[in-house]
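Residue strings, one per chain:
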Amino acid sequence: MADRGGQRGGDRGGFGRGFGRGGRGDRGGRRGGRRGGRQQEEEKWVPVTKLGRLVKEGRINKIEEIYLHSLPVKEHQIVEQLVPGLKDEVMKITPVQKQTRAGQRTRFKAFVVVGDCDGHVGLGVKCAKEVATAIRGAIILAKLSVVPVRRGYWGNKIGQPHTVPCKVTGKCGSVTVRMVPAPRGSGIVAARVPKKVLQFAGIDDVFTSSRGSTKTLGNFVKATFDCLMKTYGFLTPEFWTETKYVKTPFQEFTDLLAKPTKGLLIDAPTETVEA
Amino acid sequence: MAEEVHLGLPGPWAADYREKADHYTTKIGGVPDWPTVDMGIKPETLQCSLCGTKLCLVAQVHAPVAKLNIEERIIYVLVCSTPQCGPKPQSWKVLRVQKCRNVMQTEGGGDELGQSNGPPSTSVPEEQNDKNKIPEIDDDDFDLDALAEALEQAATLASNSKKKNKSKHANAPVKCPVLKEQACDPSIPVLPCFYIYYDKELFGGKGTVGSSSSELVLDKEIMDTANDEEEKWEGEKYEYDKAIGADRTFLKFKKRLDAYPQQCFRYSYGGKPLMATTKLQDPGTCRLCGSPRHYELQLMSPLSYFLHEAGDGSSNYAPSSWTWLTVIIYTCSKNCCLSSCGGNPQSCCWGVAEEEILIQEDEVR
């Protein structure tokens, strides 16, 4: 089976030989000689999910469109493309051990936080047998869990938002973290470890208070992240007006009836449908 | 996994999407290459069970089974070309076409053997079949015929689907039963066509395969975090991978895809499929013989991406509406064959069986 297929397929020039087209601007032509242009260093992303395909084509420009419809992001390349200024940092690598009959088995657990310091932050935790694998995996998981962070004002609404909009609290394990709006210039008043997460989120001033066993820094960091996730979940008077529903990207960019999502009325779309 | 997995990786595009190949080709899209002109397939089998339009070919996989000594076996995956039927699993159909085992042709074992030795050495195992098939031809003619057939087979394999066979072997007599240019049925819808080449999956398990992310991991970074001993991160235990939008099964699926990001299908006869979601229905038993079905191959999402990219963006194009992550194909574990070969053994020695297909969709909610 392998022989025949191999000879039939032509020379094995490597992956993607002859697949340089597609998404390169000449999608109008069905066939043609244009086959080259494959990069050697960075492997081209082949999207797996429908959302990935839409992002790759450029139908979705901002990650806010994904957040608006609560679509699950399953590919980290989506976030890489939509949030360009994403920086990552390894917060800690700790060994975790498991007792087996043949001694102890040590694996490494990596905590990575990613963010663009302007309202998007993600936290990834990965265990692996090697440190490099754990870090790589944690970066991918952190990108998959990028969430938006809502910022607001402490008092006068002058300038850009700089603090959390209201008092929010997050919990993980026994650790609860409470964030309180702070006036401009206060800076981030928090322990060293959650301060890093808040810096990546783009919050300039905040007062924090924590409770529980904050020695378990893994839970501490996750509690802070949970707290940041809740900033957009808090109903404030700005959201009291009726929501104008818009079509999900799947409905907009297909001409036929897609699978209907729960409770979404198909109303006047704000973007024109591309052919 | 102990079973080794073969990956179907994309090769060159076909110059013409409707061009003919032979039934030993593995390709995506295009026109199905039936082994003989008259297959005896009922027209309803080639029509969508929901809307009745003609099915178009998604994948044609030449899949011989070495253990059971079946050389001539092809699997055709067909789908309805209307976008409305796309999301529904009943619009897909899988046909397994194989030669019944009691009639063996000379072509089956002749592609590698050099048949220049003459008839005695090559025709010994297939003597009775030769008598059945070619009774009139005497020894001299048979020698040249068999030689030419073997050369044709070898040439077909090596060529790029262009019909260069005849020009290469001008010595061969013309009366060889070479693939005839069948009347192309223009009413069959056709997807963009490209050929497949195989590769074995080298999956190093955990840790040795690099991901497709372009992040470079600096040793200095590791040392910095290791030296920071002001706070002890206490009480950490092993934690499974978790992401907001993806569960563990999908993350594992994506990891194997990232190792070979262009894989169009995975082939592992009797192996374990790579799941994308945890829910999987029971494949059931074979419709013909009742024996249980086992996994054979699965189509992967890069395939629908490539077909979508090759489309011309019209709204009537089926692959643009596909949202599946993987399509898993189960075939009869006994490779049964329809025993309706009574009468003339020369004409109907190909059995067609319909197999089971399970689609794993990308759930948005």
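Residues numbered from 1 in each chain as written. Chains lettered and ligands numbered in written order. Predicted model: local features only at pLDDT ≥ 70, side-chain atom pairs only at ≥ 80, totals over all residues. Heavy atoms only, no water.

Under the annotation held in an unreviewed UniProt entry, chain B carries the name Programmed cell death protein 2 C-terminal domain-containing protein and is attributed to Miscanthus lutarioriparius.

Where an unreviewed UniProt entry is consulted, chain A appears under the name S5 DRBM domain-containing protein, with the organism given as Miscanthus lutarioriparius. Word for word, the UniProt comment on chain A under Sequence similarities (unreviewed entry) is "Belongs to the universal ribosomal protein uS5 family." (UniProt positions renumbered as here; feature names shortened; annotations may be inferred.)

Novice: Honestly, the pattern of salt bridges in this entry has me stumped. Any pointers?
Specialist: For side chains bearing opposite charge, pairing can occur when the charged atoms are close. Within this structure, the stated rule accounts for 21 salt bridges over all chains. The residue A:Asp226 makes a salt bridge to A:Lys230 at a minimum N-O spacing of 3.9 Å. Close ionic contact of B:Glu355 with B:Arg96 constitutes a salt bridge, the shortest N to O distance being 2.6 Å. Of this pair, B:Glu355 sits in strand E10 (residues 350–361) while B:Arg96 sits in strand E5 (residues 92–99), and the two are 259 residues apart along the sequence. Taken as a pair, B:Glu355 and B:Arg96 share a single burial class, namely buried. (Salt bridge = Lys/Arg side-chain N within 4 Å of Asp/Glu carboxyl O. Helix = DSSP H or I, 4+ residues; strand = E, 2+ residues; numbered from the N terminus. Buried < 20%, exposed > 50% of the residue type's maximum accessible area, 1.4 Å probe, protein only.)

Novice: Teacher, can you tell me more about unusual backbone geometry here?
Specialist: A negative phi holds for most residues other than glycine; trans holds for most peptide bonds. Notably, A:Ser70 is not glycine yet its phi reads approximately 55 degrees, a positive angle. Take A:Ser70: it is sitting in the loop between helix H3 (63–68) and helix H4 (76–82). Phi at B:Asn335 takes a positive value of approximately 55 degrees, unusual for a residue other than glycine. Looking at where B:Asn335 falls in the secondary structure, it is placed in the loop between strand E9 (324–332) and E10.

Novice: Honestly, the domain arrangement of chain A in this entry has me stumped. Any pointers?
Specialist: How large an interface is tends to be reported as the accessible area lost when its parts come together. Residues and elements named next belong to chain A. When cut into domains, chain A gives domain 1 (50–148) and domain 2 (168–230). Summed over both sides, the interface between domain 1 and domain 2 buries roughly 1200 Å², with carbon and sulfur atoms accounting for 77% of that surface. In terms of surface lost to domain 2, no three residues of domain 1 exceed Met 91, Val 121 and Leu 123, which account for 39% of the buried area on that side. Taken together, domain 1 and domain 2 are joined by one salt bridge. For the salt bridge of Lys 196 with Glu 89, the shortest nitrogen-to-oxygen distance reads 2.7 Å. (Domains from an automatic or database assignment. Buried area = accessible area lost by both parts, 1.4 Å probe.)

Novice: So what exactly am I meant to see when it comes to helix H8 (residues 301–310) of chain B here?
Specialist: It helps to recall that an α-helix has 3.6 residues per turn; residues three or four apart then point in one direction. Within H8(B), 10 of the 10 residues are buried, which leaves it mostly tucked inside the rest of the structure. Of the positions making up H8(B), those classed as buried are B:Ser301, B:Pro302, B:Leu303, B:Ser304, B:Tyr305, B:Phe306, B:Leu307, B:His308, B:Glu309 and B:Ala310.

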